[in-house]
Amino acid sequence: MTGFNPHTEKLLAFSVEQYRELQQHAERLIKILAGCDYSQVHEHRSRLQNLQTAASQQDETLLPLLECDLLAWEGHPLYRKRLRFITSILELNELLLPKIRGMMAVTSSEIEQLQNGRIAITGYALPKVDQRGLRGVG
């Protein structure tokens, strides 16, 4: 390849922006978890998943174009920047997964305790009073 395909470069630039946004969002999610503000976790986790899906779909189009001349593209500044973002995201995921799993375990335990408590409380319920007996002959 004598020069880089402009269409592929445009797709590569878009991919870089997707991975930049993914990285920034993952960093925000880590800060939310560190601040114990669990009310926002579900929304941010969903957004992170949507961003990952979009990047994955973009990669389905981009990667075959890059593979045509991978050695040349590996030296391209956008390709290297994209690779750095992906590496950073993988490292952030390594930090996120244990925290999210721990939070899910605590939540699951709390739900189980609530369910068991509800079952125990229903065992103490008062029997229903037959209303006919209160009015006289029924």
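Cut-offs used in this document
Residues numbered from 1 in each chain as written. Predicted model: local features only at pLDDT ≥ 70, side-chain atom pairs only at ≥ 80, totals over all residues. Heavy atoms only, no water. Helix = DSSP H or I, 4+ residues; strand = E, 2+ residues; numbered from the N terminus. Buried < 20%, exposed > 50% of the residue type's maximum accessible area, 1.4 Å probe, protein only. Contact = heavy atoms within 4.5 Å. Areas by Shrake-Rupley, 256 points an atom, 1.4 Å probe, with all protein chains shown as cover. pLDDT = per-residue confidence, 0-100. Phe/Tyr/Trp six-rings, centres within 6.5 Å; stacked < 30°, edge-to-face > 60°. Expected span 1.5 Å × (residues − 1). Bend = angle between axes of the 7 residues up to and from the residue.

Summing up its helical and strand segments, the chain has five helices and zero strands in all. Helices and strands in the chain line up, N terminus first, as α-α-α-α-α. Across the 138 residues in the chain, those meeting the buried criterion constitute 27%. Of all intrachain contacts in the chain linking residues separated by at least 6 positions in sequence, the fraction that spans at least 24 positions is 78%. A total accessible area of about 10000 Å² is found for the chain, and carbon and sulfur atoms account for 58% of it.

What follows covers the confidence of the model for the chain. For the chain, the average pLDDT comes to 81, and 81% of its residues sit at 70 or higher. Summarising per-element confidence for the chain, the mean pLDDT is lowest in helix H5 (residues 132-135) (55) and highest in helix H1 (residues 6-34) (91).

Another aspect to go through is the packing of aromatic side chains. Here a ring pair, both rings aromatic, is described through the centre-centre distance and the interplanar angle of the planes. Going through the model one piece at a time under the given rule, you end up with one aromatic pair. On the basis of an interplanar angle of 45° and a centroid distance of 4.6 Å, the ring pair of Phe4 and Trp73 is categorised as tilted. Of this pair, Phe4 sits in the segment before H1 while Trp73 is found in helix H3 (residues 70-74), placing the two residues 69 residues apart along the sequence.

Bringing helix H2 (residues 41-67) into the picture now. If you check H2, its first and last C-alpha atoms are 37 Å apart, about what 27 residues at 1.5 Å a residue would give, namely 39 Å. Of all the bends found along H2, the most pronounced is centred on Glu60 and spans about 35°, while Pro64, a proline, follows it within four residues. For H2, the complete set of buried residues consists of Val41, His44, Leu48, Leu51, Ala55, Gln58, Asp59, Leu62 and Leu66.

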